[in-house]
Structures are given as C-alpha cells and as structure tokens.
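# Examining the three-dimensional arrangement
Residue-level listing of the chains:
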Amino acid sequence: MDTTKLAAMHDRMQWYVDQTILPHAFSLVMKGPDIVDYRCFGYMDIETKVPLREDAIFRIFSNTKIVTSVAALMLVEQGLLALDEPIAELLPALATPAVLVHGATSIDQVEPATTPITLRHLLSHSAGFSYGFVDPESLIDAHYLSNGLDILTGFDGTLEDMCNTLATFPLAFQPGADWRYSLATDVVARLIEVVSGVSFDVFLKQKIFDPLGMSDTGFSVTQDKLDRVPAMYVPNDLLDPMASGLTLISPVGAPNYLAAPKWLSGGGGLLSSVSDYVCFLQMIINKGQHNGVKLLEPATVAHMHQNQLAAGIDVNFPMWDLPSTQFGLGFAVKSAPETGEPKAAVGEYHWGGLAGTHSWISPDAGITGFCGTQVMPAFWHPFSHDFKCMAYAACE
C-alpha cells in the first residue's frame, strides 16, 4: 500500500464531512480477503457530533440484493430452483403477464408475453418489472406510483402481496429484451419463501447470517443495538450531490427498526454492520466459502459476475451514468474502466444501496472496496467514485 496515497484518500473522505456534503462515511479496502485499511469519518449524527462508531449498523438498502441473489443460487445448487425454468409454476400469479407495446402512450396498450419470466431474468433485472421511483415520469413507473407500489413510502403487505400487486401491472418490455432496475429481486425473495417453506428472514438467518457469523444483520435490530444505527439525512439540494447542507430525516436510534416489517424486502430491506458485510464479501472473494463455511460452488460465484444480458443491452438509469456496465446474477459488471480508473477495473463487479453503501470487487487488481454513508439518495455518489479511484491508486 502507498501510505501517502492512502492518507490522501482519508483526507478526501473527511473533506466530504467537513463540507457538510455527508454526515459521516466509512471506507474499507481489502487485498484478497484481508482488510488492509478501515476508517470512519464524521458523526453518528451532525446534531450531537458523536463520532461514527466502527460497529455502526447501516441501512444497506440495495446491497441487500446481492445477499438475496446468493440465497437464490444456493437453492439452484440444491436443485430446488432453476435459472432458466419459468417461475409460473411457483408464482402462478405471474404466469401470463401483459407487456407494454413498444412506444406505448397508454398503460392499456399491451401484448402477451412471448417469453416466460425466469430466475435468470429476475436476478439480472431483465424480466421487465420496474421500480416506480427510479423513472417516475415514465408511463410504467407512474402507474406503479399511482397504484400502490410507491416503495419509498413503504409497502403495507407481504412479499406474496407484492407479487400479487405486480401481477396486475404490465411488464415494461418482453422478458430478456432489455434492462430495467426493478422489484425483481423482491420477486426472488418470494420464490425463496415458496421453495424453502419458511419466511425470507428466517431463511437468510439460518442459511447465511448464522453460518457466517453475521449477528448484526437482519430486517430489524434489537433494543440494545438501536443506538448503533446512525442518523440518515437528505441533501438540501437534491439536484447537486456536491452541495453543502443536510436535513435530518431519521435520527439515531429511530424505533421503527425494532420490529421487522411485514414486507421483507429482498431488494432493499436489510441493515448490517461493516464487519458483518465484510464477512459476506469475503465469502464472495473466497469463491463461495468463508471460515470453513461453504455457501456456493466457485463456478456459481463466477456466474454471478458474468454478463447475463442480451447483446447490446447495458445498465441504464435516467439520473445515474454507469458507462460500459452490464449485469450478472446480482452484480453489475464493468466492461471498460471509467475516467481515472486503471485497466484493472475491467471485470470489476459491484452494487450499492440508495443511501450510499457501495461494495466492489476487482479480480484483476485483487482488491475489494466497501464504503458508505446514510444520505437519501447517495447511490452512485461522487464520494464513492473518489474512494474507488483513490483506493486503486493506493494499491498499485
């Protein structure tokens, strides 16, 4: 490690806090499965200026999706799920979806699906589902938001209820024909419940969290851990992520995290600590096993970060630019480096959460990064790009 470049990275993370762009941040770098640097910056909350705890428990939002993907692939290895079989038998409500015709101007301009939805489609976000909040002015997302699927305000139902609601909406495109960030991973969570016969939270605890020793990870926290959940903020200027100024939206120890929600979101419901999520990342880095516990075969882990999209299809968002990025089974996969990144960034696989947690693994460089904050929204935030570029430089 280049200690001078490492110190510069730390200074840059602290700068974001000093400018009140972020209330706090953490950065962690691994070489192979070994932690070589971990630092915390800022405060549990700006108001009291209590330093950010190293054992803080973060709302990891869409980092949950990688956990859910691993859970589903464990069942694939057991022969209880299959990547390319229609999900219709297990989720009959989604057996015959309607699909918006290309160029539709009305939500009732639909055609039958010509391809059945499969688990491969779901894990790669190519099934045709949407999210509602990502592109709210689009025809499909506007329909989600006005018909009970505004998930940023919560969903008052179970995973089964959510799938039944989704079944009443058309798909945005024919399964496999495009990429759209979506509630597909929540559909995966329901598949896991149907096949395993237990609730999604129980499955994760029994099959992943307990075996890996992830005692701080779940859909809720116990009373004695509540003060480890940092405050969450919203930027005063939602259109400029580099503007100073934050407004508190969830204080330290908010009691709503004491009870597990009815909707056990496989796409964004988990809370986790840095040490816990690092155990999970180490399992991925070690090709499916960690500390003598084997969750997946090496070939399955490799499959997770191989592109699953049709030729010419890339990851795309209306507000975030992810150039040269495709999607595997739970991970985004980079096919070319971004500005400031080394050639070793090719093949990097990653994903992150809406409030600013983000993890990435570079097989070529042999390094892994994990950073985070609690700002809504802070997915694909400049601080995470700065961290990654500077981490690569420090590890050269």
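Note that the structure is a prediction, hence the values are computed from the model and not measured.

### Brief notes about the nonpolar core
Grouped together as the largest cluster of nonpolar side chains are 98 residues, with contacts concentrated most on Phe 129, Ile 208 and Phe 280. No other element matches the 9 residues that helix α8 (residues 274-285) contributes to this core. The contacts of Ile 208, once residues within four sequence positions are left out, are Val 67, Val 70, Ala 71, Met 74, Phe 203, Met 214, Phe 280 and Leu 295. Listed in part, the 25 residues of the second largest apolar core include Ile 21, Leu 246, Trp 360 and Ala 394.

### Some points on the packing of aromatic side chains
Under the counting rule described, the total for this entry stands at 26 aromatic pairs. Summarising the aromatic geometry, the rings of Tyr 277 and Phe 280 are spaced 5.5 Å apart at their centres and angled 40 degrees between planes, so their arrangement reads as tilted. With Tyr 277 and Phe 280 both in helix α8, this residue pair falls 3 residues apart, about one helical turn. The burial state of Tyr 277 is the same as that of Phe 280; both residues are buried.

### Notes on helix α2 (residues 64-77)
Spanning 14 residues, α2 covers 20 Å between terminal C-alpha atoms, matching the ideal 20 Å at 1.5 Å per step. Within the sequence span of α2, burial applies to Thr 64, Lys 65, Ile 66, Val 67, Thr 68, Ser 69, Val 70, Ala 71, Ala 72, Leu 73, Met 74 and Leu 75. Where α2 terminates, the next one or two residues include Gly 79, which has phi positive at roughly 80 degrees.

### Considering the pairing of strand β1 (residues 24-31)
Two faces make up the sheet, and in a regular strand the side chains alternate between them. Most of β1 sits out of view: 7 of its 8 residues are buried. Taken together, the 8 bridges between β1 and strand β2 (residues 34-45) define a ladder with antiparallel strand orientation. Bridging across to β2, Val 29 finds its partner in Asp 37. Hairpin connection between β1 and β2: a loop of 2 residues separates the two successive antiparallel strands, and Gly 32 in this loop has a positive phi of roughly 60 degrees.

### Notes on the sheet that holds strand β14 (residues 349-352)
Pairing within the open sheet is antiparallel, and its 8 strands lie in the order β3-β2-β1-β16-β15-β14-β13-β12. At either margin of the open sheet sits one strand with a lone partner, and together these are β3 (50-51) and β12 (325-327). Both β14 and strand β15 (residues 358-362) contribute to a ladder of 4 bridges, which runs antiparallel. What sits directly across from His 350, in β15, is Trp 360. The sheet strands contacting helix α1 (residues 3-18) are β1 and β2, and the helix crosses β2 at an angle near 20 degrees.

### Some points on helix α5 (residues 159-166)
Taken together, the buried positions of α5 are occupied by Leu 159, Met 162, Cys 163, Thr 165 and Leu 166. The arc enclosing the buried residues of α5, seen along the axis, measures out at 160 degrees, which places them on a common side. In this fold, the buried residues of α5 make contact with α4 (139-146), α6 (184-196) and α7 (200-212).

### A word on the pattern of salt bridges
For the structure on display, the rule yields 19 salt bridges. The closest approach of N and O atoms between Arg 12 and Asp 386, which form a salt bridge, is 2.8 Å. Here Arg 12 is found in helix α1, whereas its partner Asp 386 is found in helix α10 (residues 382-395), with 374 residues between them in sequence. Overlapping salt bridges bring together Arg 53, Asp 55, Asp 216, Lys 225, Asp 227 and Arg 228 as one network.

### Overview of unusual backbone geometry
The omega torsion of the bond from Met 376 to Pro 377 falls at 5 degrees, within 30 degrees of zero and hence cis. Looking at the element boundaries, Pro 377 is found in the loop between β16 (367-372) and α10. Positive phi is not limited to glycine here, since Lys 49 has a value of about 60 degrees. Even without glycine at this site, Ser 324 takes up a positive phi of about 50 degrees. Turning to its location among the elements, Ser 324 is positioned in the loop between α9 (298-304) and β12.

What counts, and where the lines are drawn
- Residues numbered from 1 in each chain as written.
- Predicted model: local features only at pLDDT ≥ 70, side-chain atom pairs only at ≥ 80, totals over all residues.
- Heavy atoms only, no water.
- Core = buried A, V, L, I, M, F, W, Y, C linked by side-chain atoms within 4.5 Å.
- Buried < 20%, exposed > 50% of the residue type's maximum accessible area, 1.4 Å probe, protein only.
- Helix = DSSP H or I, 4+ residues; strand = E, 2+ residues; numbered from the N terminus.
- Contact = heavy atoms within 4.5 Å.
- Phe/Tyr/Trp six-rings, centres within 6.5 Å; stacked < 30°, edge-to-face > 60°.
- Expected span 1.5 Å × (residues − 1).
- Pairing = 2+ DSSP bridges.
- Axes fitted to C-alpha atoms, helices over the stretch in contact; angles between N-to-C directions.
- Arc of directions from axis to C-beta.
- Salt bridge = Lys/Arg side-chain N within 4 Å of Asp/Glu carboxyl O.

Fair warning: the whole summary comes from geometry, so function is off the table for now.
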